[in-house]
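# Working through the structure, step by step
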Amino acid sequence: MKPWSIPLDGPIALRLACDTRFSDIDIADDHIWELKIESEEPPSLSLNTTYGLRARAMRIFPGFGLGDRFISNPARFHTTPVVRSILPDYVRLDFSPFNHVGVIAEYWVPGSHVVMGRFTISNRRAEPQDIHLRLYGLLHPGEDPQALGESIFQGVSVLSGQTAGLHPVIFLSGGARVEPAPYPTLGVHGRLLPGEVGTWVWAQAAEGTTNQSFIEARERTQCDWDKERARVELENSGLVEIESGEPDWDTAFWLTQKEILGNLVGPVKFQPGSVLVKRRGMDDGFSPSEDGDGFSPQGSGYTAEDAFLAISQILPAAPSLSRGLIGNFLKTQDAEGEIEWLPNISRKRSGLHSIPLLATLAWRVYQHTEDAGWLRQIFTPLRRFVEAWFDQRHDRDQDGWPEWDYAAHSGFDDWPAFARWHRWSQGLDISMAETVDLASYLYREIQSLNHIAREIGRERALESIEPRLAILKDAVESTWSVQRNIYRQRDRDLDISLTGKRLGKGRGDYSFEVKRSFDPPVRVLVRIHGSEKDTRKLKILIHSRGRRGRSRVERITYRKFQWFWKTGVFTSEKLNTTIERVEVQGLGKEISSEIWLPDTTRIDQSLLLPLWAGIPDPARADKLISKTLTDPDQFWRPYGIPVCSAKDPSYAPDNQDGAGAVWMFWNLLLGEGLVSYGFHEEAAELVTRLMRNVVGALKDDKAFRARYNPDQEGGVGGRGHIEGVAPLSLFLQTLGVRLITPRKVWIRPGNPYPWPVTLRWRGLIVQCEQGETRVTFPDGQEVVLQDAEAQIVEQVLGPEQDPAMEEPDSAEDAGG
């Protein structure tokens, strides 16, 4: 386990939750805790929860007495609390409340309704000392309230209370008694001889009755703590430990793995594997529904983009969990090959086909696990999944370039061109456009299917899909803009990109003459600003000619609009060669409207994605990178790549009244694209820029943030979201390291960072310096590579070593 040296008030408020890989979870009532130095009265080393908003607050914190002195405020401790170990459900720290008194404080969440801890106190003086330990509980209840107070069960003093149907009980071992103090308190005393160590275990349980809670808490304190701690550490032995020239990076990379693993819940009733939730904080975890619907307001399900980001970071640590996340998608496949877009805790369905990243993910998992049997099991479902994307439901004009159903279907919420829920975005119906991101995903999916098919000998099964690669490549390349050095979205039916223009605007009823011909033809986009209920009489008449030259009048009523927050948007299916006149009728003067020709030339991050898919040839990739991606006036911003070009009129780096924040998922893909085309220095620079804000958020906000500001230090969006974790996988790719087993690793020598990096993983050590990479296997064998090509490096087994008898990589794999 990594020897941490982190001040608790430094990097993060430590979230602790039941690790559902190894403990059962109550999906409808899961209590998540946060350990931090609390500045509010009373200042303390405090373990906090709200029981999923079933209480206003619950705090548990220690106090220490020596002689006539008593202290609970960490600011007055002799030495500051320092974290020595942090895992999804366990943390260990040490400090000295007084000179010559050492404390090791451990906290563990073994189940959804229980948290417990152990204080190990040592006397470092040459004479006996009388130690006084107090455990405070401070409950601010919600409904049906009862503050914490003394209760006696079977002659044992405990603290108990009540809030919203829960009956929390705090139990402290060692014959604790309730003591007079400003807050509800359990206290114990012990006389420690010189060098002697005393240990006290406590537990808090919150069940449906006080008696149940007492029984649970008391039984938990009787566990073999050292045995349980050893088990927890073994279960997490697969986490990658990194030592670089930036200790803050090392902390962030460890916390990235810890946070993602802690955000996996289940398996649950309706999914074969654990389900990924985007946030699992103190206010989450309670659902009025037994199936866990509403577990987290931030989402109790995940898209393929979420899975891609999460799996990429935890794959070395938890390969079985990674396979399970993909398995959740595949379980939802219907008779037509479609797969649910958002697997979740409950049985809710979105009705959307999953983002095409599953075959790519499966191939990535295989590269780390080399589990060909698993590939054979999932190959046919993956093939049917990809084929379903080319059905007419998704490829409406059957030209080989499918379309998204809705803007949100893409997983990109802030499209300058297609988002309908922002006043600053255009709101074009994305199903009437062929977007570069979807083509890139599908191109990479088919490539991944090809890799899988070759690995398992199923090449003939892809004969009908193989030609689609060339169709997608040629179609995307046809959108290349020589003037802008970037790809472009194109109209679904015209197969070209169009520059938009506003034809007219006004308030209430109005009309205007256009009298223009268009070659190529154009659609009409209408935006209404006002309350939907005040537009029931709306009628818009567009006098035009279609592609056959016939005069017509298109009638648009309010029912054809999609409304979001007092903005209605409509895109016409009809293409017009001439527009004569537009009439707007049935609106009051308080309602404004705009008539536009749609613009498909807005520049956003999705247009860079062919780089990740491997579509452009090296010469074009060089132009895309040097002229656009690394242009500081567009995407190469100080803290990462924003969602749209800084030249776009909607650019807003703080995501207020515009788009522009840094999304880690997209930066991960574009960084991988840089690596694949040999731009290793640029990829490392991107990691460096991203880490500035990741580390800044951990220090300032005590948590990862959902998004980041590309132009200055600062988080954007929700606190504690896994969407904003550190890019560990990209860091490893830039180093040229892919971990397969402790006896097998892929290496591409050449460290692009200004300092050496050491990786430790399950007994394997990889040391990356500028001139060489040194691999040390668990048995001590060393291999040194200098300026060599990328290659697999394997431990040489002696005649007495049988690889078939190799131990499982972790307890997670042993049980998976």
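Before going into details, it helps to say that this report is about the structure given with it. Since we're looking at a predicted model, the values are computed, not measured.

So, on to the pattern of salt bridges. On inspection of all chains with the given rule, the structure shows 54 salt bridges. The shortest N-O distance in the salt bridge between Glu463 and Arg460 comes to 3.9 Å. The exposure class assigned to Arg460 is exposed, which follows from its relative accessible area of 71%. Taken together, the shared-partner salt bridges in this structure form one network comprising Asp491, Arg492, Asp493, Arg523 and Glu573.

Turning our eyes to something else, we now look at helix 12 (residues 664–676). Taking 1.5 Å of rise per residue, 13 residues should cover 18 Å, and helix 12 covers 18 Å from first to last C-alpha, within 8% of that figure. With 12 of 13 residues buried, helix 12 is to be regarded as a mostly interior element. Three or more residues of helix 12 are buried, namely Met664, Phe665, Trp666, Asn667, Leu668, Leu669, Leu670, Gly671, Glu672, Gly673, Leu674 and Val675.

Quick look at the sheet that holds strand 31 (residues 592–597) now. Read across the open sheet, the 5 strands follow the order 23-31-25-29-28; overall the sheet is antiparallel. Every other strand in the sheet has two partners, leaving strand 23 (501–507) and strand 28 (562–564) as the edge strands with one partner each. Across the sheet, the mean angle separating the axes of adjacent strands is 15° when strand polarity is ignored. Examined bridge by bridge, strand 23 and strand 31 share 6 bridges and lie antiparallel to one another. Its bridge partner being in strand 31, Arg502 is matched across the sheet by Trp596.

Glancing now at the pairing of strand 14 (residues 167–172). Sheet faces and side chains relate simply in a regular strand, where the side chains alternate between the two faces. In terms of burial, strand 14 is a largely internal element, 6 of the 6 residues being buried. Covered by surrounding structure in strand 14 are His167, Val169 and Phe171 together with Pro168, Ile170 and Leu172, the residues of both alternating faces. For strand 13 (residues 156–162) and strand 14, the ladder comprises 2 bridges, and the chain directions are antiparallel. Across the sheet, Leu159 pairs through a bridge with Ile170, a residue of strand 14. Hairpin remark: strand 13 followed by strand 14, antiparallel, with 4 residues in the connecting loop; positive phi at Ala164, about 50°. The sheet contact formed by strand 14 and strand 17 (residues 197–207) spans 6 bridges and is antiparallel. Bridge pairing links His167 to Glu207 in strand 17.

Time to look at the pairing of strand 11 (residues 129–141). Within strand 11, 11 of the 13 residues are buried, which leaves the element mostly enclosed by the surrounding structure. Pairing of strand 11 with strand 16 (residues 185–192), which is carried by 8 bridges, proceeds in the antiparallel orientation. Looking across to strand 16, one finds that Asp130 is bridged to Arg191.

This part covers the side chain of Arg748. Checked against the element boundaries, Arg748 lands in the loop between strand 35 (744–747) and strand 36 (757–761). Buried Arg748, no salt bridge; nearest opposite-charge side chain is Glu789, N-O distance 8.7 Å. Within polar-contact distance, the side chain of Arg748 engages the backbone oxygen of Thr734 at 3.2 Å. What Arg748 contacts, discounting residues up to four positions off in sequence, is Val675, His680, Gln733, Thr734, Leu735, Gly736 and Ala790.

Criteria and cut-off values
Residue numbering note: each chain is counted from 1, following its sequence as written. Local features in a predicted model are, by the rule used here, given only for residues with pLDDT of at least 70; side-chain atom pairs are given and counted only at 80 or more, and totals for whole chains, interfaces and linings are based on all residues. Side-chain figures throughout are based on the complete set of non-hydrogen atoms in the structure, without hydrogens or water. Salt bridge, as used here, is a side-chain nitrogen of Lys or Arg placed within 4 Å of a carboxyl oxygen of Asp or Glu. Burial classification: accessible surface area is computed with a 1.4 Å probe over protein chains only, and a residue below 20% of its type maximum counts as buried, one above 50% as exposed, and the rest as partly exposed. The helix and strand labels rest on DSSP assignments: H or I over at least four residues marks a helix, E over at least two residues marks a strand, and numbering proceeds from the N terminus. In this analysis, the expected span of each helix is defined as 1.5 Å times one less than the number of residues it contains. By the convention used here, strands pair only if DSSP detects at least 2 bridges between them. Orientation is described by lines fitted to C-alpha atoms, with helices fitted over the stretch in contact, and by angles between N-to-C directions that extend from 0 to 180 degrees. Charge counting follows a simple rule: Lys and Arg are positive, Asp and Glu are negative, and His as well as the terminal groups are ignored. N or O atoms closer than or at 3.5 Å make up a polar contact, with two conditions inside protein: a donor-capable atom paired with an acceptor-capable one, and, for residues adjacent in sequence, both atoms drawn from side chains. Contact definition: two residues touch when any of their heavy atoms are within 4.5 Å.

The quantities given are spatial measurements derived from coordinates; they are silent on function.
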